[in-house]
Amino acid sequence: MSKYVGVIVDVATQQTNRPYTYRVPEELTTVVAPGIRVEVPFGKRQVQGFIVETGDQAPEGVQLRALTRLVDVSPVLGEEQLRLADWLVARTFAFKISCLQAMLPAAMRAQYQKIITLIAPEKVPASVRALFGKEKEIAFDDDRLTPAMMRTIVELQRVGVVKVDYHVTERGHKKTVSQVVPCKTTAEYRELATHVRANAVRQRELLKRLAHFDAPVLQAEFLRGTNLTTSHLRTAEQQGWLVRKQVEQYRDPFNAPVKKTRMPHLTPDQERAVAAITAAEEDKTPTPFLLEGVTGSGKTEVYLRTIAAALQQQRTALMLVPEIALTPQMVNRVRSRFGHQVAVLHSGLSVGEKYDEWRRIARGEAKVVVGARSAVFAPLKNIGVIVIDEEHEGSYKQDSMPRYHARDVALWRARYHQCPVVLGSATPALESRARAQKGVYQWLRLPHRINGQALPRVELVDMRHMLGKTQVADFSPQLVTALRERLARNEQVVLMLNRRGYAAFAMCRECGFVVQCPNCDISLTFHRDRRRMQCHYCGHEQPVPRKCPQCGSRYIGFYGTGTQKVAEELHQLVPAARVLRMDVDTTRRKGAHERILTQFGNHDADILLGTQMIAKGLDFPDVTLVGVLNADTGLSLPDFRASERTFQLLTQVSGRAGRAQKAGEVIIQTFNPDHYAIQMAGKQDYEGFFVREMQVRHQNDYPPYFYTIQLTASGPQEAQVLQVLTKIRAALARILSPQARLLGPTPQMVTRVNNRYYYQLIIKYKQEPQLQADLRELVLRTQRLSRQHIQLIIDRDPQGF
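Thresholds applied
- Residues numbered from 1 in each chain as written.
- Predicted model: local features only at pLDDT ≥ 70, side-chain atom pairs only at ≥ 80, totals over all residues.
- Heavy atoms only, no water.
- Helix = DSSP H or I, 4+ residues; strand = E, 2+ residues; numbered from the N terminus.
- Rg over C-alpha atoms; globule rule 2.2 N^0.38 Å.
- Buried < 20%, exposed > 50% of the residue type's maximum accessible area, 1.4 Å probe, protein only.
- Contact = heavy atoms within 4.5 Å.
- Areas by Shrake-Rupley, 256 points an atom, 1.4 Å probe, with all protein chains shown as cover.
- Lys, Arg positive; Asp, Glu negative; His and termini not counted.
- Charge placed at Lys NZ, Arg CZ, Asp CG, Glu CD.
- Phe/Tyr/Trp six-rings, centres within 6.5 Å; stacked < 30°, edge-to-face > 60°.
- Lys NZ or Arg CZ within 6 Å of the ring centre and 35° of its normal.
- Disulfide = S-S within 2.5 Å.
- pLDDT = per-residue confidence, 0-100.
- Patch = residues over 30% accessible without salt bridge, like charges linked within 9 Å, V, L, I, M, F, W, Y side chains within 5 Å.
- Salt bridge = Lys/Arg side-chain N within 4 Å of Asp/Glu carboxyl O.
- Pairing = 2+ DSSP bridges.
- Axes fitted to C-alpha atoms, helices over the stretch in contact; angles between N-to-C directions.
- Right-handed = clockwise from strand over helix to strand, strands pointing away.
- Parallel < 35°, antiparallel > 145°, perpendicular 65-115°, else oblique.
- Left-handed = near helix turned anticlockwise from the far one by under 90°.
- Nonpolar A, V, L, I, M, F, W, Y, C, P; charged D, E, K, R; others polar.
- Expected span 1.5 Å × (residues − 1).
- Arc of directions from axis to C-beta.

## Here's the deal with the overall build of the protein
Logical step 1: Helix and strand counts for the protein come out as 22 helices and 33 strands.
Logical step 2: Its C-alpha radius of gyration of 30 Å places the protein within 12% of the 28 Å reference for a compact globule of 801 residues.
Logical step 3: The burial tally for the protein puts 55% of its 801 residues in the buried class.
Logical step 4: Put simply, 74% of the contacts in the protein that link residues at least 6 apart link residues at least 24 apart.
Logical step 5: Here the protein displays about 36500 Å² of accessible surface, and carbon together with sulfur accounts for 48% of that area.
Logical step 6: Here the protein contributes 109 positively and 80 negatively charged side chains, and the mean placements of these two sets differ by 3 Å.

Structural data, given as structure tokens:
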């Protein structure tokens, strides 16, 4: 029995980033619990919040207000999630309300209707039975339910007599299907059939079908294999033979049958890896493993075996993948092994699908979760293993509050559940590889492909010498020849260009004017399919100019290359080839990723052209050629991770070739063939790249030798933004040790985005015990900046500057 509760209110400011104490009405003292959402008075308004603590003692000398109502009848967040939120607040400098909300599906934050369903009508008191009348489910109406009735319903739900669900009413709807409920016994249906006219064939068939079922059945299943229609069912319902009703059904994000597969034989390297990880599962030790394996070395099979071991111990498993594009193939492999125990969570699902999957997980109906970054918060209990595939990927870092890295959250949950974490990659992040070398992570290696084939041969093509030698500017003669050879042999090709759109910019050929975004310091990209110029930062669009806004000339040229333009060039080079394009523009619609990959896997296309989303994890046995049209797109960015990202991307996309019995070849076109990242990618020499890049990082005091924190200020007035960061730098300089480094303030690479100016300040440090508290205090002091419309963001371990 709790008389008082501490509530984190849904007001995201530093001043409200603490629990507020409310008095609990006497009728609810036995049902409030941490993790339940409530509505409370806050100032002159009503807001929602989360109960995070309960107690019997009130603060002295304070007149407390009572909470208004319960939003939930049982906790939506458990003890683990509440403790994780506290850790996230300290780790990411985020508001606690943001951390709590990040763990719930979007449907829980939308407009929804609560429904109460009777599970065991015979066990409910008369007062509750009267509430339902003749119905089995009713709307959870706060105006109709007194506090005493609310307490009764909460207690009935705890013992499984009633069930309360949330049905989204604004951002989605519950999925319902028609159900046929027989109203008579089998004998009665047979008796009815004797009184039906001999020529009433459909009525006889209907009664025979009804006699076959002694329980409710889905209408689709009832009609399957018969000559009956819904019209016949309506007539039968009018005659009192059956009742038709709508029932809720989980949305199926897979929409495909499960095909079971056999477990292949493991290589000796795989056996050693599986043995080490399963030993940690059995011992219940939170050991982090780095599984470093070349592309095609069978890392996925290691994941599946360790997941199977967790399930055998009656535990659950969580598997993260970095891209939605990877999810369909990975989910199919996991489902083929574990069937309907698998749930999937990623942004490609509808609001309703995500909510249904979340409920399956929370209720223990799904034991294995596969998903992208936010799936790390899946409400699994008793986790036995956590797997992070392609652990080096920057997409595991959240770029809005709370700015967490999924790897860090996974390691925290592993300690909570006492289970191992498997970090898998052919090109591990330098930080992970360094930790493995120091023994912080246990290092497991898969140095050979499971098919016994060598890694694909890689050819670097120096595009500086190709001027005037190519049929089209973006394809070297070597790539064109290899492309035509593969198509003649009915083999498949993957081509990557990490830039979408048709042309990078539009420029006047008379005066040199470049069409810029009016809101950002960046040129607009030309999208030919829509004949529009678009900003990839703020989303601004405008028609293609017919004449130069500066000099009036009609000679507007389009320069640079995107995936749209390359698709056109391919039709010129190989007109008979069937080309699929996979980038942000072609995958906006729900299910587009899976549809494109299925088409390619079914050999409905010869060439898959795409951005970096095609570089990782995809496994197609007939792909024997990979072409990288421009390896330099990210190499010259002002970012200390540019070389690492380029090496990882080239190595990963190279690994798509020759994954079955046919030998693979890779052609990388570059204007920087002597750069060490491209040279090492050509040799697929991760260890050589690691040694070289670590020297560069050591010389420049960057991770993994130093930790980094990025402070970003933004606002509508550039001078004010710079002034704020200059003052912050002066304050930090007084408190940091001489071993720390301060860089900036400097403008970000694109200084103005959506009419806000962005400047950054970088802190590099090794040991600064007071830095956490000092930055927290700094955030409190800078709350006044909001009056000037200036926003300050603190990002620990940023993925890029």
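## Some thoughts on the packing of aromatic side chains
Logical step 1: Across all of its chains, the model carries 12 aromatic pairs by this definition.
Logical step 2: Relative to Phe 222, the ring of Phe 213 has its centre 5.7 Å away and its plane inclined at 40 degrees; by these criteria the two rings are tilted.
Logical step 3: Phe 222 gets classed as buried once you look at its relative accessible area, which sits at 0%.
Logical step 4: Through a chain of ring-to-ring contacts, the aromatic side chains of Phe 647, Tyr 676, Tyr 686, Phe 689 and Phe 690 assemble into a single cluster.
Logical step 5: Lying across the ring of Tyr 20, Arg 18 places its NZ or CZ 4.1 Å from the centre.
Logical step 6: In this arrangement the basic side chain of Lys 764 is found over the ring face of Tyr 702, its NZ or CZ atom lying 4.0 Å from the centre.

## Digging into helix H14 (residues 430-438)
Logical step 1: Those residues of H14 that fall on the buried side of the exposure criterion are Leu 430, Glu 431, Ser 432, Arg 433, Ala 434 and Ala 436.
Logical step 2: Residues of H14 that are buried make contact with strand S12 (288-293), helix H13 (406-417), strand S18 (442-446), helix H18 (642-654) and helix H20 (686-699).
Logical step 3: Note on H14: the residue one or two positions beyond its end, Gly 439, has a positive phi of about 90 degrees.

## Focus: the state of the cysteines
Logical step 1: Tallied over the full model, the rule gives zero disulfides.
Logical step 2: Cys 520 takes part in no disulfide bond, and the closest cysteine sulfur to it belongs to Cys 538, at a distance of 3.7 Å.
Logical step 3: Assessed through its relative accessible area of 1%, Cys 520 is described here as buried.

## Details of the confidence of the model for the protein
Low pLDDT marks regions whose predicted coordinates should not be analysed in detail.
Logical step 1: Averaged over all residues, the pLDDT of the protein is 86; the fraction at 70 or higher stands at 94%.
Logical step 2: Low pLDDT, under 50, characterises residues 168-173; the stretch is placed with 15 contacts to residues that sit more than four places away or in other chains.

## Notes on unusual backbone geometry
Logical step 1: Going from Pro 703 to Pro 704, the amide bond is cis rather than trans, its omega being 10 degrees.
Logical step 2: Within the secondary structure, Pro 704 is located in the loop between H20 and strand S30 (707-715).
Logical step 3: With an omega dihedral of 10 degrees, the bond running from Gly 744 to Pro 745 counts as a cis peptide bond.
Logical step 4: A positive phi angle is found at Gln 418, which is not glycine, with a value near 55 degrees.

## Focus: a nonpolar patch on the surface
Logical step 1: On the surface, Tyr 537, Leu 637 and Met 749 cluster together into a nonpolar patch covering about 320 Å² of accessible area.
Logical step 2: For Tyr 537, the position within the fold is in the loop between strand S23 (532-534) and strand S24 (541-543).

## Observations regarding the sheet that holds strand S16 (residues 383-389)
Logical step 1: Ordered in space as S14-S15-S13-S16-S17-S12-S18, the seven strands form an open sheet in which the pairing is parallel. Single-partner strands in this sheet number two, and they are strand S14 (342-345) and S18. Averaged over all neighbouring strand pairs, the angle between strand axes comes to 20 degrees, with direction disregarded.
Logical step 2: Here four bridges tie strand S13 (residues 316-320) to strand S15 (residues 368-371), and the two strands are oriented parallel to one another. The partner of Leu 318 across the bridge, within S15, is Val 369.
Logical step 3: Strand contacts of H13: S12, S13, S16 and strand S17 (421-425), with the helix running at about 165 degrees to S16, the strand carrying the most contacts.

## Things to note about the pairing of strand S26 (residues 579-582)
Logical step 1: Relative to strand S27 (residues 607-610), S26 runs parallel, the two sharing four bridges. Following the sheet pairing, Met 582 is matched in S27 by Gly 610.
Logical step 2: For the crossover from S26 across helix H17 (residues 592-601) to S27, the handedness is right-handed.

## So, the packing of helix H19 (residues 676-683) against H20
Logical step 1: Following both chains from N to C, one finds H19 and H20 inclined at 165 degrees, their axes separated by 9 Å at the closest point. With respect to each other, H19 and H20 are oriented roughly antiparallel. You can see that H19 and H20 cross each other, and the crossing is left-handed. Where H19 approaches H20, its residues Tyr 676, Ala 677 and Met 680 are matched on the opposing element by Gly 688, Phe 689, Arg 692, Glu 693 and Val 696.
Logical step 2: Split into classes, the residues belonging to the contact of H19 with H20 amount to five nonpolar, one polar and two charged.

## Brief notes about the sheet that holds strand S1 (residues 4-9)
Each strand in a sheet pairs with another by means of backbone hydrogen bonds, the pair being arranged parallel or else antiparallel.
Logical step 1: Overall, antiparallel pairing links the five strands, which are arranged S2-S1-S4-S3-S5 in an open sheet. A single partner strand is all that each edge strand has here, and the edge strands are strand S2 (20-23) and strand S5 (69-70).

## As for the pattern of salt bridges
Any two side chains of opposite charge can pair, so long as their charged atoms come close to each other.
Logical step 1: Overall, the coordinates contain 34 salt bridges when judged by the stated rule.
Logical step 2: We note a salt bridge from Arg 464 to Asp 462, for which the minimum N-O separation is 2.8 Å.
Logical step 3: With a shortest N-O distance of 3.7 Å, Glu 491 and Arg 486 are connected by a salt bridge.
Logical step 4: Its relative accessible area of 5% is what places Arg 486 among the buried residues.
Logical step 5: Salt bridges linked by common partners bring Arg 457, Glu 485, Arg 486, Arg 489, Glu 491 and Glu 665 together as one network.

## Remarks on the packing of helix H9 (residues 268-283) against helix H10 (residues 299-312)
Logical step 1: Taken N-terminus to C-terminus, the directions of H9 and H10 make an angle of 30 degrees; their axes are 9 Å apart at the nearest point. As summarised for this structure, H9 and H10 are arranged roughly parallel, according to the angle between their axes. Where H9 crosses over H10, the two elements pack in a sense that is right-handed. Residue-level inspection shows Gln 270, Ala 273, Val 274, Ile 277, Thr 278 and Glu 281 of H9 in contact with H10, the latter providing Glu 301, Val 302, Arg 305, Thr 306, Ala 309 and Ala 310.

## Points about helix H21 (residues 718-735)
Logical step 1: Taking 1.5 Å of rise per residue, 18 residues should cover 26 Å, and H21 covers 27 Å from first to last C-alpha, within 8% of that figure.
Logical step 2: Of all the positions in H21, only Val 721, Val 724, Leu 725, Ile 728, Ala 731 and Leu 732 are classed as buried. In an axial view of H21, the angular spread of the buried residues amounts to 120 degrees, which keeps them on one side of the axis. When the buried face of H21 is taken as reference, the exposed residues oriented beyond 90 degrees from it are Ala 719, Lys 727 and Arg 734.
Logical step 3: Buried residues along H21 sit against S30, strand S31 (741-753), strand S32 (756-765), helix H22 (771-781) and strand S33 (791-796).

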